[in-house]
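A look at the structure
Letter by letter, the chains look like this.
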Amino acid sequence: MREGLRNQLDQFFNLLEEAVETGDPAWLDSVIEIWATSLTQTDLEGGTSNLTRLMGELMVHTHEVCRETLDEAQGQTLMGALLPCFSHAFEKAAQAENQVKMAFLSNELADVRQSLEKLDRSKSDFISVAAHELRTPLTLIEGYAAMLEESLEQEAAKGTEAQLIRGIHHGTRRLHSIIDDMIDVSLIDNNMLTLNHQPVWVNRLLAVLSEEVRSTLSDRNLSLNLADFEGSNEMIFGDPERLLQLLRNVLTNAIKFTPDGGQIWIDGRKLPGFLEITIHDSGIGIDQEDQSTIFDKFSRLGDPSLHSSGKTKFKGGGPGLGLHIAKGIVEAHNGAIWVDSPGYDEKKFPGSTFHILLPIQQEPPDEKMARIFSSLHTTSSSERKTQPYETF
Ligand code: ADP
């Protein structure tokens, strides 16, 4: 090692001599670049500037040797000639070292990203396996509960037993929906969400949805104002079941986070190439800093232990998957979802507005669909609005 170092130092001083003689400090570049690329892992991890420190030491030693071996005038002349070379060497060393460190850090970052992705994948795999494993026994419980209900006498079914069976049904339904959500999350995270494109009318989806939540709204004394906005009655291609799920997730949250007696508005507008649906509530609102993270999976704000249970109760708890799924569905349709809220306040209830942007896709997405809906193609766009397709 000593021998190697001596050779390299020899080379440095030979090049320094060359640089002084020619007046071109770039002679030093090659050796500095070699030193920069041979920095060890420890040097790079340490974050200190080893190469510039080495330059400093070389300069100090050179100065000492000058002082010891030359008279003052000669020493000053030599140092005067050496200084521009050292100044260039410092700059070059810092630059080369930074480049090597940047490359090292971006490699490190790529490694970290890779292991995070791996971790995320194994989390998704775990969710998917666990969800499938849970679904099988759950289906059995549901089946047996239904059989038990049938086998009970009509009379007995009105009493305690009926209540117990209703309890089982309710529990299994909740469990089923959580498991389905877990499966959807793993499909979304693995880019495996497939859409079953069909003609869709947004106003029909919203009508189905408002009918679904009617009794919940009246239990909670909430009013839902559904506007008949431009574009909502036009046919677009999309997956009706998934779009309904997306709207349901956002509307259920509006219900959950609005106090009894509050209001919810569903409105929208037609934009060039897009349909924007807005779901606005007079609820507790969302802090600015949480407005992007709520779309991450398992993101629930506040202290979960303070949440009441129940899917539609005020501040009812949930697994924190609904918005992640909503985002996955809207993005699979090449759309976008975001939220607007002045902030979180449980006294003033500033409310939140969720915006859902859906592309107005008027053509079937693939050839198979195009063949199926070819008759639709031949009709005019005004007729399209009234096509009696039995979908949403
Ligand atoms: P979950 O409802 O299961 O907790 P979501 O993914 O649907 O999960 O929502 C994540 C979090 O975003 C909720 O726990 C809540 O804190 C916040 N949030 C969502 N919608 C609203 C809303 N309309 N008003 C206030 N907070 C909301």
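Calculation notes
Residues numbered from 1 in each chain as written. Predicted model: local features only at pLDDT ≥ 70, side-chain atom pairs only at ≥ 80, totals over all residues. Heavy atoms only, no water. Near = heavy atom within 4 Å. Polar contact = N/O pair within 3.5 Å; in protein donor to acceptor, adjacent residues only side chain to side chain. Areas by Shrake-Rupley, 256 points an atom, 1.4 Å probe, with all protein chains shown as cover. Helix = DSSP H or I, 4+ residues; strand = E, 2+ residues; numbered from the N terminus. Nonpolar A, V, L, I, M, F, W, Y, C, P; charged D, E, K, R; others polar. Domains from an automatic or database assignment. Contact = heavy atoms within 4.5 Å. Buried area = accessible area lost by both parts, 1.4 Å probe. Salt bridge = Lys/Arg side-chain N within 4 Å of Asp/Glu carboxyl O. Pairing = 2+ DSSP bridges. Axes fitted to C-alpha atoms, helices over the stretch in contact; angles between N-to-C directions. Parallel < 35°, antiparallel > 145°, perpendicular 65-115°, else oblique. Left-handed = near helix turned anticlockwise from the far one by under 90°. Expected span 1.5 Å × (residues − 1). Buried < 20%, exposed > 50% of the residue type's maximum accessible area, 1.4 Å probe, protein only.

Right, let's talk about the site of the ligand for a bit. Around the ligand there are 20 residues in total, and Asn253, Lys256, Asp281, Gly320 and Leu323 lie nearest to it. Note that an oxygen atom of the ligand is positioned 2.8 Å from one of the side-chain N or O atoms of asparagine 253. Lysine 256 is positioned with one of its side-chain polar atoms (N or O) 2.8 Å from an oxygen atom of the ligand. Calculation on the ligand without its partners gives an accessible area of 530 Å², and the protein chains cover 97% of this total. Sort the elements by how many residues they give to the shell around the ligand and helix 9 (residues 240-256) lands first, with 3 residues. Considering only residue class, the shell around the ligand consists of 10 nonpolar, 7 polar and 3 charged.

Turning our eyes to something else, we now look at the environment of proline 364. Along the polypeptide, proline 364 turns up in the loop between strand 7 (352-359) and helix 11 (367-372). For proline 364 and arginine 166, which are 198 residues apart along the polypeptide, the C-alpha to C-alpha distance reads 43 Å.

Domain assignment breaks the protein chain into domain 1 (5-115), domain 2 (124-189) and domain 3 (198-391). Counting residues at the interface gives 11 residues for domain 2 and 11 residues for domain 3. Both faces combined, the contact of domain 2 with domain 3 buries some 930 Å², and carbon together with sulfur accounts for 61% of it. Inspection of the domain 2/domain 3 interface yields 2 salt bridges. Lysine 297 serves as the salt-bridge partner of aspartate 189, at 2.4 Å between the closest nitrogen and oxygen. The interface formed by domain 2 and domain 3 includes 4 residue pairs in polar contact (both at pLDDT 80 or more). Mapped by element, the contributors of at least two residues to the side of domain 2 that touches domain 3 are helix 5 (72-151) and helix 6 (160-189). Ranked by the residues each element gives to the side of domain 2 that touches domain 3, the list is headed by helix 6, at 9 residues. The residue inventory of the side of domain 2 that touches domain 3, partitioned by class, reads 5 nonpolar, 2 polar and 4 charged.

In this section: the side chain of threonine 172. Within the secondary structure, threonine 172 sits in helix 6. Setting aside its immediate chain neighbours within four residues, threonine 172 contacts Leu138, Ile141 and Glu142.

In the sheet, strand 2 (residues 223-226) pairs with strand 4 (residues 263-271) via 4 bridges, with the strands oriented parallel. Bridge pairing links asparagine 225 to tryptophan 265 in strand 4. As defined by bridge partners, strand 4 adjoins strand 5 (residues 274-281) across 8 bridges and the pair is classed as antiparallel. Residue pairing for strand 5: leucine 271 is matched across the bridge by phenylalanine 274. Between strand 4 and the antiparallel strand that follows it, strand 5, lie 2 residues; glycine 273 among them carries a positive phi value of about 80°.

So, about the environment of lysine 297. Topologically, lysine 297 is positioned in the loop between strand 5 and helix 10 (322-332). The spacing of lysine 297 and isoleucine 325 is 28 residues in sequence and 8.2 Å in space, taken between C-alpha atoms. Looking at lysine 297, its side chain comes within polar contact range of the side chain of aspartate 189, at 2.4 Å.

In this section: the packing of helix 1 (residues 2-22) against helix 5. A pair of packed helices can be characterised by two numbers: the angle between their axes and the separation between those axes. Across the interface, helix 1 lies against helix 5 with an axial gap of 10 Å and an inter-helix angle of 115°. Taken together, the axis directions place helix 1 and helix 5 in an arrangement best described as roughly perpendicular. Classified by chirality, the crossing of helix 5 by helix 1 is right-handed. In contact with Phe12, Leu16, Ala19 and Val20 of helix 1, helix 5 contributes Ala81, Leu82, Cys85 and Phe86. Taken together, the residues of the contact of helix 1 with helix 5 break down into 8 nonpolar, no polar and no charged.

This paragraph deals with helix 9. Across its 17 residues, helix 9 extends 24 Å between first and last C-alpha, which sits within 8% of the 24 Å expected from 1.5 Å per residue. Judged by how many residues are buried, helix 9 sits mostly within the fold: 15 of 17 residues are covered. Of the residues flanking the start of helix 9, the one acting as N-cap is aspartate 239, its side-chain oxygen 3.1 Å from the backbone nitrogen of glutamate 241.

Moving on, we come to the sheet that holds strand 6 (residues 336-340). Paired through their backbone hydrogen bonds, the strands of a sheet run either parallel or antiparallel. Taking strand neighbours across the sheet as the criterion, the 5 strands line up as 2-4-5-7-6 in an open arrangement whose pairing is mixed. Looking at which strands have only one partner, the edges of the open sheet turn out to be strand 2 and strand 6. Across the sheet, the axes of successive neighbouring strands diverge by a mean angle of 15°, strand direction being ignored. As paired strands, strand 6 and strand 7 are joined by 5 bridges and run antiparallel to one another. Bridge assignment links tryptophan 338 to a residue of strand 7, and that residue is histidine 355. Relative to the sheet, helix 7 (residues 202-212) contacts strand 2, strand 4 and strand 5, its axis offset from that of strand 2 by approximately 170°.

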